[in-house]
Every structure is written in C-alpha cells, then in structure tokens.
Amino acid sequence: VKCTNKRLQVSILIRTYGKRTDVIIDRKREIMTIRYLSKLGLVRPVYCRFNNGIVYGYTPGRALSVPDMSNQRICLLIAEHMAVWHKVNFSNEKESTLFPVLWKWLREVPKSYIDPKTDEKFQKNFKLEELFNELTGLENELVKIESPIVFCHNDLLNGNIIYEESRNKISFIDLEYGSMNYRSFDIANHFNDFAGFECDYNLYPSNEFQKKWLRHYLCSYNPGATITEEEVNKLYQEVNKFALASHFFWGVWGLVRAQSSEINFDYIEYATLRFKEYYNKKE
C-alpha cells in the first residue's frame, strides 16, 4: 500500500508479509540488507517494522513491463546498475547462499499436498529423490566454474526494476532474496525473466543481445578496462550454465509455496514450467 503526505510531498510503502514466507525468506537478512544499501543510496530506507511487515521509502518511477526488458536503451541501464550492485562490499559475508538455500528449500517440499488437484499434478510431474540427485549434480558442475561471488539481487524480474523516465534512471526494489551469490546467477536469472510469469521462453534474449549486454556490464564493472571478446564469451558461457540454477531455484520455490501460499497463483504449474525448461536446456 502506498501512502502519501501531500503537504510534505513524502510517500511511503506499507508491506505485509505473506503466509509462511519466513520458510522461504530470511527476514532478518532482508532488513540488514535494506539498511546497508540505503546508506549507500541504492535503495529507499526502512522507517519501521511491525510483526508481519515493514514501512519503507517509495521509489519514484514505473515498474518495467516484460517488453521493456529488451528495450535497447533500458536494458543497458539495467546492466550498468547491476554492475554497481555487484561491487557493493559486504565485508562480513563472502560465501554464496545459492546452494545452502536450495538444499533448505528442497527439504521443505512435501511428499504430498493437501489439495488433491495440486497433489495430482505434483505426483505426475515430480519425484523428490530425482530432484535431490539433480541438485547434487548441478552443484558439482556449477561450483567448478568459480563464478565471482558478489552481492546479488537474485530476483530481477520486470516488476522489481523501476524506471524513472525524467532522470533516465533505473532502481531495483524488493530485496527479499538479496544475498551474496554467484555473479552469473544474477545475470542468468534476469535473462530468464525476459520470459515473464507466463514462461514464454521464446522471449529469452538472443546470443547477440546477451553478448552486447554482457560487454556493457563488464565495461561498467571495470571502467577504463579493455574488454576482450574472450572475456565476453567466457561470461556468456557462465551465465547460460547458471540459467539452469535459476530454473531450479524458482522451480523449487514454486513447490514450497504451493503448500502454504494463499495467493491465487498456480505455483505447481509454474514449477512444472521452470523444470521443463531446465531439462530442455540442460544438455
């Protein structure tokens, strides 16, 4: 809920947490992250907390649409801003949270669901033992890449990217999943989100688009450096391998949320689509 004091020209947002989202989201980490990033001017501050939510600053602008993600001007602003976030120094944290979180979530997936339709779809499309084996293999492969560990947003879908047109400025909002993570996961996750919640992977960015975006990101991350074709190609390969981790991440997220969420959203169907794309792209 957005609340505005017109006399003072100040706007705030009041947000309540969803049912049992603490299973998925580390709320203490979220608050610490917002406080730290607000000191750096990267996000709006938290003004107060209550039992099941927070009050925080409003970020002016509009949330991007799915087509905006591939807009030639806006997409390069996103690359620049992601590079800024990836240079944030959280001195007390150096390890990636990706696989610890995935193992934790996977253990939360029930063997059966209360709702018969949900359970039928789950039993038809998933076997828990296979998911545990798959995650073991995925972790073994991706840690070999040694992608740099940086501070990542981890959820840069269109709705979490705000564009202020008058200032030609991009901001990132909603830090629920923000943590130290592999750089390539954050980028890959963003590229996967070109497909929107409908999971139309025909919208996944082309090789040419990705390499242009990645070059701009590397130039922003290393200002003044000469970025070689080899560096761009290496990052391209890393990102497209970590795209699998992104599908696995949100697939398991959907399986956990399908049991507890009261939101009118077909989480099981979403998880099915994410894992379908995971297996399509795996080889």
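Above this text you will find the structure in question.
Because the structure is a prediction, the values reported are computed rather than measured.

Trainee: Let's hear about the environment of Phe248: which residues, and what values?
Mentor: By the secondary structure assignment, Phe248 is in helix α8 (residues 229-260). Residue Phe248 is classed as buried on the basis of its relative accessible area, which comes to 0%. Taking C-alpha positions, Phe248 is 15 Å from Glu129, a pair spaced 119 residues apart along the chain. Apart from residues no more than four positions distant in its own chain, Phe248 is found in contact with Leu102, Leu131, Glu134, Leu135, Leu138, Phe275 and Tyr278.

Trainee: Outline unusual backbone geometry, listing residues and values.
Mentor: Although it is not a glycine, Arg20 sits at a positive phi angle of roughly 55 degrees. You can see Arg20 is positioned in the loop between β2 (10-16) and α1 (27-39). Of note in this structure, Asp174 is not a glycine but carries a positive phi near 60 degrees. Tracing the chain through its elements places Asp174 in the loop between β8 (169-172) and β9 (179-182).

Trainee: Got a sec to walk through the sheet that holds strand β7 (residues 161-164)? Specific residues and values, please.
Mentor: Spatial strand order, β5-β7-β8: three strands in an open sheet with antiparallel pairing. Whereas interior strands pair on both sides, the edge strands pair on one side only; in this sheet they are β5 (62-63) and β8.

Trainee: Talk me through the packing of helix α3 (residues 98-108) against α8; I want residue IDs and the actual numbers.
Mentor: In contact at an axis separation of 9 Å, α3 and α8 are set at 30 degrees when each is read in the N-to-C sense. Crossing hand, α3 versus α8: left-handed. Counted together, Leu98, Val101, Leu102, Trp105, Leu106 and Glu108 of α3 and Phe242, Ala245, Phe248, Phe249, Val252, Trp253 and Val256 of α8 form the full contact between these two elements.

Trainee: Break down a positive patch on the surface for me, citing the residues and quoting the values.
Mentor: A cluster of like positive charges, contributed by Lys28, Arg35, Lys39 and Arg49, occupies part of the molecular surface. At three residues, α1 tops the list of elements feeding residues into the positive patch. Considering the arrangement of structural elements, one finds Lys28 in helix α1.

Trainee: Explain the sheet that holds β2 to me, using residue names and the numbers behind them.
Mentor: As a general point, the strands of a sheet are linked pairwise by backbone hydrogen bonds and lie either parallel or antiparallel. Spatially, four strands are ordered β1-β2-β4-β3 in an open sheet, and the strand pairing comes out antiparallel. The open sheet has two free edges, formed respectively by β1 (2-5) and β3 (46-50), since each of these has just one partner strand. For this sheet the average axis-to-axis angle between neighbouring strands, irrespective of direction, equals 20 degrees. Note: β2 against strand β4 (residues 53-57), five bridges, orientation antiparallel. Paired with Leu13 across the bridge in β4 is Tyr56.

Trainee: Summarise the packing of aromatic side chains; cite the residues concerned and give the values.
Mentor: Tallied over the entire structure, the rule returns 32 aromatic pairs. Between Tyr113 and Phe122, the aromatic rings sit 5.0 Å apart at their centres with planes inclined by 65 degrees, giving edge-to-face as the arrangement. Phe122 carries the same exposure label as Tyr113, and that label is buried. Between the aromatic rings of Phe191 and Trp213, the centroid separation amounts to 5.2 Å while the plane-to-plane angle is 80 degrees, which identifies the pairing as edge-to-face. Separated by 22 residues along the polypeptide, Phe191 in helix α6 (residues 183-192) and Trp213 in helix α7 (residues 207-221) bring together distant segments of the chain. In this structure Phe191 comes out as buried when scored by relative accessible area, which is 0%. On the basis of relative accessible area, Trp213 is assigned to the buried category, the value being 1%. A network of ring pairs unites the aromatic residues Trp105, Tyr177, Phe185, Phe197, Phe249, Trp250, Trp253, Phe265, Tyr267 and Tyr270 as a single cluster.

Trainee: Can you lay out the pattern of salt bridges for me, pointing to particular residues and giving the numbers?
Mentor: Taken as a whole and judged by the stated rule, the model has 17 salt bridges. For Glu30, the salt bridge identified is with Arg27, shortest N-O distance 2.8 Å. Of this pair, Glu30 and Arg27 both sit in helix α1, separated by three residues, roughly a single helical turn. Of the two residues, Glu30 and Arg27, neither departs from the other in class, the shared state being buried. Glu277 is the partner of Lys281 in a salt bridge, and the nearest nitrogen-oxygen pair spans 2.8 Å.

Trainee: So what's going on with a nonpolar patch on the surface? Residues and values would help.
Mentor: On the surface, Val1, Ile14 and Phe50 cluster together into a nonpolar patch covering about 260 Å² of accessible area. Positionally, Ile14 belongs in strand β2. For Ile14, a relative accessible area of 33% puts it in the partly exposed group.

Trainee: Explain the pairing of β2 to me, using residue names and the numbers behind them.
Mentor: Of the two faces of β2, only one is covered, namely that formed by Ser11, Leu13 and Arg15; the face formed by Val10, Ile12, Ile14 and Thr16 stays uncovered. The antiparallel pairing of β1 with β2 creates a hairpin that spans four residues between the two strands, and Gln9 there sits at a positive phi of about 55 degrees.

Trainee: Let's hear about the nonpolar core: which residues, and what values?
Mentor: Counting residues in hydrophobic clusters, the biggest one holds 88 residues, and the most contacted among them are Trp213 and Leu255. For this core, the element with the most residues is α8, which contributes 15 residues.

About the criteria used
- Sequence positions are assigned chain by chain, starting from 1 and proceeding in written order.
- Note on the predicted model: pLDDT of at least 70 is required for a residue's local features to be given, and 80 or more for side-chain atom pairs to be given and counted; whole-chain, interface and lining totals, by contrast, use all residues.
- Note: side-chain values were computed over all heavy atoms of the structure, leaving out hydrogens and water.
- Segments assigned H or I by DSSP are reported as helices when at least four residues long, segments assigned E as strands when at least two residues long, and all are numbered from the N terminus.
- Buried residues are those whose accessible area, probed at 1.4 Å on protein chains only, stays under 20% of the maximum for their type, while exposed residues exceed 50% and partly exposed ones sit between those limits.
- Contact definition: two residues touch when any of their heavy atoms are within 4.5 Å.
- Strand pairing is assigned whenever DSSP detects at least two bridges linking the two strands.
- Think of each axis as a best-fit line through the C-alpha atoms, taken over the contacting stretch in the case of a helix, with angles from 0 to 180 degrees between the N-to-C directions.
- With the far helix as reference, a near helix turned anticlockwise by less than a right angle produces a left-handed crossing, and one turned clockwise produces a right-handed crossing.
- Two joining distances apply to patches: 9 Å for like charges and 5 Å for nonpolar side chains (Val, Leu, Ile, Met, Phe, Trp, Tyr), and every residue must have over 30% relative accessible area and no salt bridge.
- Areas reported here follow the Shrake-Rupley algorithm with a probe of radius 1.4 Å; residue values treat only the protein chains shown as occluding.
- Should a side-chain nitrogen of Lys or Arg be within 4 Å of a carboxyl oxygen of Asp or Glu, the pair is scored as a salt bridge.
- Lys and Arg are tallied as positive, Asp and Glu as negative. Neither His nor the chain termini are counted.
- Just so you know, the charge point we use is NZ for Lys, CZ for Arg, CG for Asp and CD for Glu.
- Any two of the Phe, Tyr and Trp rings considered here, Trp counted by its six-membered ring, make a pair once their centres fall within 6.5 Å; the pair's planes then place it as stacked at under 30 degrees, edge-to-face at over 60, or tilted in between.
- To qualify as a nonpolar core, a set must consist of buried Ala, Val, Leu, Ile, Met, Phe, Trp, Tyr and Cys residues joined through side-chain atoms within 4.5 Å.

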